[in-house]
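Geometric and topological summary
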Amino acid sequence: ETGVTQTPRHLVMGMTNKKSLKCEQHLGHNAMYWYKQSAKKPLELMFVYSLEERVENNSVPSRFSPECPNSSHLFLHLHTLQPEDSALYLCASSQGTGPNTGELFFGEGSRLTVL
Amino acid sequence: TQLLEQSPQFLSIQEGENLTVYCNSSSVFSSLQWYRQEPGEGPVLLVTVVTGGEVKKLKRLTFQFGDARKDSSLHITAAQTGDTGLYLCAGLQGAQKLVFGQGTRLTINP
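Residues numbered from 1 in each chain as written. Chains lettered and ligands numbered in written order. Predicted model: local features only at pLDDT ≥ 70, side-chain atom pairs only at ≥ 80, totals over all residues. Heavy atoms only, no water.

**Here's the deal with unusual backbone geometry**
Of all residues except glycine, most have a negative phi; of all peptide bonds, most are trans. What counts here: Here a strand is any run of E in DSSP of at least two residues, a helix any run of H or I of at least four, and the numbering for each starts at the N terminus. The buried label goes to any residue with under 20% of its type's maximum accessible area, the exposed label to any with over 50%, and the partly exposed label to all in between, with areas taken from a 1.4 Å probe on protein chains only.
With an omega dihedral of -10°, the bond running from A:T7 to A:P8 counts as a cis peptide bond. By the element assignment, A:P8 lies in the loop between strand 1 (4–7) and strand 2 (10–13). A cis geometry characterises the amide bond from B:S7 onward to B:P8, with omega recorded as -10°. Counting through the fold element by element, B:P8 comes out in the loop between strand 1 (5–7) and strand 2 (10–14). Although it is not a glycine, B:K59 sits at a positive phi angle of roughly 55°. Take B:K59: its relative accessible area is 85%, and that puts it in the exposed class. A positive phi angle is found at B:A78, which is not glycine, with a value near 50°.

**Thoughts on the sheet that holds strand 7 (residues 64–70) of chain A**
Residue and element names in this part refer to chain A. Selection criterion: One requirement defines pairing of two strands: DSSP has to find at least two bridges between them. Helix axes are fitted to C-alpha atoms over the stretch in contact, other axes to C-alpha atoms as well, and angles between N-to-C directions run from 0 to 180 degrees.
With antiparallel pairing, four strands are arranged side by side in an open sheet as 1-3-8-7. Every interior strand has two partners, whereas the edge strands, strand 1 and strand 7, have only one. Across the sheet, the axes of successive neighbouring strands diverge by a mean angle of 20°, strand direction being ignored. Relative to strand 3 (residues 18–25), strand 1 runs antiparallel, the two sharing four bridges. Its bridge partner being in strand 3, Q6 is matched across the sheet by C23.

**Some points on the interface of chain A and chain B**
To be explicit about the condition: In what follows, residue pairs with any heavy atoms lying within 4.5 Å of each other are defined as contacts. Values labelled buried area give the accessible surface lost by two parts on being combined, using a 1.4 Å probe and summing over both. Here a polar contact means two N or O atoms within 3.5 Å. Within protein one must be a hydrogen donor candidate and the other an acceptor candidate, and residues neighboring in sequence count only if both atoms are side-chain atoms. Under this grouping Gly is polar, as are all residues other than the nonpolar Ala, Val, Leu, Ile, Met, Phe, Trp, Tyr, Cys and Pro and the charged Asp, Glu, Lys and Arg.
In this complex, chain A contributes 20 residues to the contact, which on the side of chain B involves 20 residues. Carbon and sulfur atoms make up 51% of the surface buried where chain A meets chain B, a total of about 1,600 Å² over both sides. Applying the counting criterion to the chain A and chain B interface returns three residue pairs in polar contact (both at pLDDT 80 or more). Considered class by class, the residues forming the side of chain A that touches chain B number eight nonpolar, six polar and six charged.

**Quick word on the state of the cysteines**
Short version of the rule: A pair of sulfur atoms, both from cysteines and within 2.5 Å, is called a disulfide here.
For the structure shown, the criterion picks out two disulfides over all chains. Residue A:C23 pairs covalently with A:C91 via a disulfide, S to S 1.9 Å. Between A:C23 and A:C91 the disulfide shows an S-S torsion of about -75°. By sign, it is left-handed. Taken as a pair, A:C23 in strand 3 and A:C91 in strand 9 (residues 87–94) lie far apart in primary sequence, 68 residues in all. By the burial criterion, A:C23 is buried, and A:C91 matches it. At a sulfur-sulfur separation of 2.0 Å, the disulfide partner of B:C23 is B:C89. Where B:C23 bonds to B:C89 through sulfur, the torsion about that S-S bond is close to 80°, and the disulfide is right-handed. Taken together, the residues B:C23 in strand 3 (residues 19–24) and B:C89 in strand 9 (residues 85–93) connect sequence positions 66 residues apart. A:C68 carries a free sulfur, and the closest cysteine sulfur to it, the one in A:C91, is 9.1 Å from it.

**Here's the deal with the pattern of salt bridges**
For clarity, the threshold we go by: Each salt bridge in this description consists of a side-chain nitrogen of Lys or Arg and a carboxyl oxygen of Asp or Glu lying within 4 Å of one another.
Within the structure shown, the criterion is met by six salt bridges over all chains. Between A:E44 and A:K41 there is a salt bridge, with its nearest N and O atoms 3.5 Å apart. Classification of A:K41 by relative accessible area gives partly exposed; the value is 43%. A salt bridge links B:E54 to B:K56; the nearest nitrogen and oxygen atoms lie 3.8 Å apart.

**Considering the nonpolar core**
Here is the rule: Working definition of a nonpolar core: buried Ala, Val, Leu, Ile, Met, Phe, Trp, Tyr and Cys residues. They are joined through side-chain atoms within 4.5 Å.
Formed by 22 residues in total, the largest nonpolar core has its most connected members in A:W34, A:F64, A:L76 and A:L78. Those elements giving two or more residues to this core turn out to be strand 2, strand 3, strand 4 (31–37), strand 5 (44–50), strand 7, strand 8 (73–79), strand 9 and strand 11 (110–114) of chain A. Residues contacting A:L76, with those up to four places away along its chain left out, are A:K19, A:S20, A:L21, A:W34, A:M46, A:F47, A:F64, A:S65, A:P66 and A:Y89. Judged by nonpolar contacts, the second largest core, of 21 residues, contains B:I13, B:L32, B:L46 and B:I108.

**Notes on the pairing of strand 11 of chain A**
For a regular strand, the rule is simple: side chains alternate between the two faces of the sheet. All names here are of chain A. Where burial is concerned, the two faces of strand 11 differ: the one with S110, L112 and V114 is buried and the one with R111 and T113 is not. Bridging between strand 9 and strand 11 involves three bridges; their strand directions are antiparallel. Bridge pairing links Y89 to S110 in strand 11.

Bear in mind that shape data such as this cannot, by itself, settle questions of function.
Structure below.
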């Protein structure tokens, strides 16, 4: 098993659909993240979970809803998205979220297209 | 205005050439990370620099952290086609906020 796995790799959805992105980490890390990667823009941090508790929510619209049922799994529930939400959504994990935040281990990403 | 500016945004050179890409900011960072992202993959950490003026080498890649810890550079010697990818710098601000630059997309032509 690779360190961080994301499914699906590709998703096309209409604006009225409800779908979910899944992330699973096999590294025993305590923190998990959702990032949005759009062309020519920096990676945008969306949510951070530490020990299954959400510790950061960067003003993300409510049409994105994260869920962290345990320290190994992270979901991003999608509802009534807009075309501008089309992007690569990256999940990452790290050993901790403290002052010495170390390496982020990223999944391969879920490429989302909203029609 | 982006907190971390990477330049150039795009770079295409021939195999065997040398190159330098930059990561600049007006803010001070406690550490700075460089990642490489290949097509269809997530970013992978290359190096973390912590001390002002620090230089780290990873085979043909040389990373430098500015003395004031506001900027960094990545120099690649004798580039190879396998170096192709998106290079991202990320600075750690304060306790735990990691800020990414927009990336430099590097293409090495055979």
